[in-house]
There are 2 protein chains.
Amino acid sequence: MIQKLIDEIVKKDAPIVVGLDPMLNYIPEYLKKNSFEEFGETLEGVADAIWRYNRKLIDSFCDLVPAVKPQIAMYEQFGIPGLMAYTKTVAYAKEKGLIVIGDVKRGDIGSTSAAYATAHLGKISVGGNEFEPFGSDFATVNPYLGSDGVNPFVNACNEFNKGIFVLVKTSNPSSGEFQDRLIDGRPLYEHVAEKVVEWGNASMDGEYSNIGAVVGATYPEMGEKLRKLMPKTFILVPGYGAQGGKGSDLKVFFNADGLGAIVNSSRGIIAAYKQEQYAKFGDTGFAEAAREAVLAMKKDIKESIR
Amino acid sequence: MIQKLIDEIVKKDAPIVVGLDPMLNYIPEYLKKNSFEEFGETLEGVADAIWRYNRKLIDSFCDLVPAVKPQIAMYEQFGIPGLMAYTKTVAYAKEKGLIVIGDVKRGDIGSTSAAYATAHLGKISVGGNEFEPFGSDFATVNPYLGSDGVNPFVNACNEFNKGIFVLVKTSNPSSGEFQDRLIDGRPLYEHVAEKVVEWGNASMDGEYSNIGAVVGATYPEMGEKLRKLMPKTFILVPGYGAQGGKGSDLKVFFNADGLGAIVNSSRGIIAAYKQEQYAKFGDTGFAEAAREAVLAMKKDIKESIR
C-alpha cells in the first residue's frame, strides 16, 4: 500500500494529506440548517451535515492531493450516526481516487489489536459472506503495548495490502512527558522508532515499508534525527499550520529522494473560509476556500523541501 | 463515580468485573443460527447474536457483580452494526444496575481526546438537545501522549461524574518492551503511575480517585509496587484466568481496607460453557455456566485476598 501512496504523491506532486476532522463549529451554518430541517437537531442531523460538508470538501480538492485522514474521534463523539458519516466519508473518498488514512490510534493486547486491525484494515467473514467494516487504507496505531499489540496490524497490512503509521513522537505540547524520557541515554521515541524499523522489515513494499511512523511537525529537530534512524519508514507529519508547524520545518522529514513524508493539515484547509485571507469566499464558498488553501500549502511545502 | 463503584463492590461483595468481549466463536451456534435466519449471514446478523448473547449473560450474573467491561474492539470489528450492539449492551447493563467500564483505550492530542471523552463519558449538545453518544461510566485511556491527552478525560470525569483507568502496566507478554524500560533508574510504568496520581488528585471522590490505573494480573510483583506508589488509585486488573493470572497473585493489588482493585475476567466467564468443568451446561446453558464461573471466581478471589 505504501507504494500506491507514493505513486499518488508523485502523480499529484503533493506530499499532502487533508485531515477531515469536522468540528461542529467548522461546518457552515447554512449546511447545518439544511440538515437540521431534514433530520431535526439530532445526531442524525449533525451526521448529515458532516457528510455533506465532507463530500463538498473532497470534491473540491480530490484532484490535488493523494490522501485524506479522517480523525475518527470527531465522528465518534456523535455516536452511531457520527460513525455512519465516517464510513460514508471513507467510501466516498476512495470512490474519488483518494487514499484514506483512518486516524484511529488504536492499540491493545494481541487478540484485541487483531479485532481493531480487522475493523479498520481488514475484512471479516460471516458465514459465506465477507464484509469490510470500516475499510480505510492506512490506520494510525499506538505502540504503548509493544510488539504483540502492533503485530496484528502488521499482519493485516500483509494480508490485505494496507499500511499503518505508528505513533513515535506526537505533535502535542506534552508529548515529551513520556516520549522524550531517556532510556540508556536515548529518548523513548527513538526506541519506539527502532521497533518501527523492525516491524517495518516484515512488510516492505518497494523502497519503503507499509509500517510508517507519526512524527509531529512541531518537533523538527527530532524529526531530522528520526528521518535518519528510519530510512525506509514513511513519516506521517501532523501539526503543520494550526498546531504551529511551519513549512520551513518540514524539509528534515524528507529523504534525499524527495519522498519519505506526507504532511497533514486539517483545520487550516477544511476551515480555511474562517481565515481572513480566504474570507472573500464566504461560508457558502468553504469548499473553494479549502481548494485555495490546499494550493497554498502545496506551494509552501514545495518551496520548503526543494 | 469511583465511590459508586466501591459501594457496588461492597454491596455485592465482589471486586469483580466481567469482560463482555464476544468473539464470534464464543457465541453458541444455536444463537447465531436464530440471528442469521432473521437477518441473514450479515453484520446485522452477527450484531443481533452478540446482543442476545450479552443480554442473557447480563441477566445471569447482574445480581452477583458490580460491573461489566465491554471491549469495544470486539464490536468495532463488526462495523456499525457491531457498534450498535455495543451501545445496546451498555444501555442494558446500566438498566440492570451494572456499572459499565468501556474498554476503549482511547488517547490522542488534546482536542481529539476531548472528542473521545465526549463520545464515551460525556454528553453532546446539538442545538437545544443533548445526547449521550456511548454512555459508559468508565473508559480506559492510553497515556502515551502525556497530560494534554489525558486531561480532557479528567475534565469529563469531573463534569459528568465518571471515571477512567489509565494504562500503566498492561497484561500482555510484550508490555515490557517499552513499559519496563528504565528512566532515571525506574521503569516507565512507574513514571506513568506518578502521573496517574497527579491526574487523580484533580478528581477525588471519597477515599479514592476517579482516575484509576490498569495493571495486569500477570505481573504481580509490579502490581505490589504500584499498589504502594498509588495508594488512592483504584486498579483495574485484567489478565486473570485465560491470560494466566492466578487468584493467589491478586492480593497484592488490594489495599489494607480490602479495596483498591477490581479484577476482570472475560472468556473465563462468558465462554465458561466451553470449559470441561462447565460442559454439563451445554451450549444452551451458556448463561448458567457463566453464573457458576462468576461464583467460582468470587470464591477464588475472596480466599486469595483474605
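Small disclaimer: the values here were computed from a predicted structure and weren't measured. Residue positions within a chain follow its written sequence, with the count starting from 1. Chain labels run from A onward and ligand labels from 1 onward, assigned in the order the entries are written. It should be noted that, the model being predicted, local features are given only for residues of pLDDT at least 70 and side-chain atom pairs only at 80 or more, the latter also being counted only at that level, while totals for whole chains, interfaces and linings use all residues. The basis for the side-chain values is all heavy atoms of the structure; hydrogens and waters are excluded.

Asker: Could you give an account of the nonpolar core, with specific residues and numbers?
Answerer: A general tendency of soluble globular proteins is for nonpolar side chains to be buried together. Take the buried residues of types Ala, Val, Leu, Ile, Met, Phe, Trp, Tyr and Cys, join any two whose side-chain atoms come within 4.5 Å, and each joined set is a nonpolar core. The buried label goes to any residue with under 20% of its type's maximum accessible area, the exposed label to any with over 50%, and the partly exposed label to all in between, with areas taken from a 1.4 Å probe on protein chains only. Counting 228 residues, the largest nonpolar core has Leu5, Phe61 and Phe234 of chain A together with Phe61 of chain B as its most contacted members. Not counting chain neighbours up to four residues away, the residues in contact with Phe61 of chain B comprise Val18, Leu20, Val68, Ile269, Ala290, Arg291 and Val294 of chain B. Working rule for contacts: check all heavy atoms of both residues, and any pair within 4.5 Å makes them a contact.

Asker: Let's hear about the environment of Asp180 of chain B: which residues, and what values?
Answerer: All names here are of chain B. Strands here mean DSSP runs of E at least two residues long; helices mean DSSP runs of H or I at least four residues long; both are numbered from the N terminus. Examined against the element boundaries, Asp180 turns out to sit in the loop between helix H8 (176-179) and strand S8 (182-183). When the C-alpha atoms of Asp180 and Gly19 are compared, they prove to be 26 Å apart, with 161 residues separating the residues in sequence. Those residues in contact with Asp180 that lie beyond four places of it in its chain are Lys169, Ser175, Pro187, Leu188, Tyr189 and Met222. In this structure the side chain of Asp180 is engaged in a polar contact, spanning 2.7 Å, whose partner is the side chain of Lys169. Here a polar contact means two N or O atoms within 3.5 Å. Within protein one must be a hydrogen donor candidate and the other an acceptor candidate, and residues neighboring in sequence count only if both atoms are side-chain atoms.

Asker: I'd like a rundown of the packing of aromatic side chains, residues and numbers included.
Answerer: All names here are of chain A. Any two of the Phe, Tyr and Trp rings considered here, Trp counted by its six-membered ring, make a pair once their centres fall within 6.5 Å; the pair's planes then place it as stacked at under 30 degrees, edge-to-face at over 60, or tilted in between. A full pass over the atoms with the stated rule returns 14 aromatic pairs over all chains. Judged by centre distance (5.3 Å) and plane angle (70°), the ring pair of Tyr75 and Tyr86 falls under edge-to-face. With Tyr75 in helix H4 (residues 73-76) and Tyr86 in helix H5 (residues 79-95), this pair connects stretches of sequence that are 11 residues apart. The pair Tyr75 / Tyr86 is uniform in exposure class, with both members buried. Centre to centre, the rings of Tyr273 and Phe286 are 6.4 Å apart; their planes meet at 65°, and the pair counts as edge-to-face. Highlighted residues: Tyr273 in the loop between helix H11 (267-270) and helix H12 (286-305) and Phe286 in helix H12, separated in sequence by 13 residues. Owing to a relative accessible area of 0%, Phe286 belongs among the buried residues under this scheme. Over the face of the ring belonging to Tyr219 we find Lys169, whose NZ or CZ atom lies 4.0 Å from the ring centre. Two thresholds decide whether a charge sits over a ring: the Lys NZ or Arg CZ must be within 6 Å of the ring centre and within 35 degrees of the ring normal.

Asker: Can you explain the packing of helix H2 (residues 29-39) of chain A against helix H3 (residues 43-61) of chain A? Please cite residues and give values.
Answerer: All names here are of chain A. One can describe the packing of H2 onto H3 by two numbers: an axis separation of 8 Å at closest approach and a directional angle of 140°. In terms of axis orientation, H2 runs oblique to H3. The chirality of how H2 crosses H3 is right-handed. Residue-level inspection shows Leu31, Lys32, Asn34, Ser35, Phe36 and Phe39 of H2 in contact with H3, the latter providing Glu44, Gly45, Val46, Asp48, Ala49, Arg52 and Tyr53. Among the residues making up the contact of H2 with H3, the classes are represented as six nonpolar, three polar and four charged. Only the contacting stretch of a helix is used when fitting its axis, a line to C-alpha atoms as for every element, and angles between N-to-C directions run 0 to 180 degrees. Roughly parallel here means an angle under 35 degrees, roughly antiparallel means over 145, roughly perpendicular means 65 to 115, and every remaining angle is called oblique. A clockwise turn of the near helix away from the far one marks a right-handed crossing, whereas an anticlockwise turn of less than a right angle marks a left-handed crossing. All residues other than Ala, Val, Leu, Ile, Met, Phe, Trp, Tyr, Cys, Pro, Asp, Glu, Lys and Arg, Gly among them, are scored as polar; the first ten of these are nonpolar and the last four charged.

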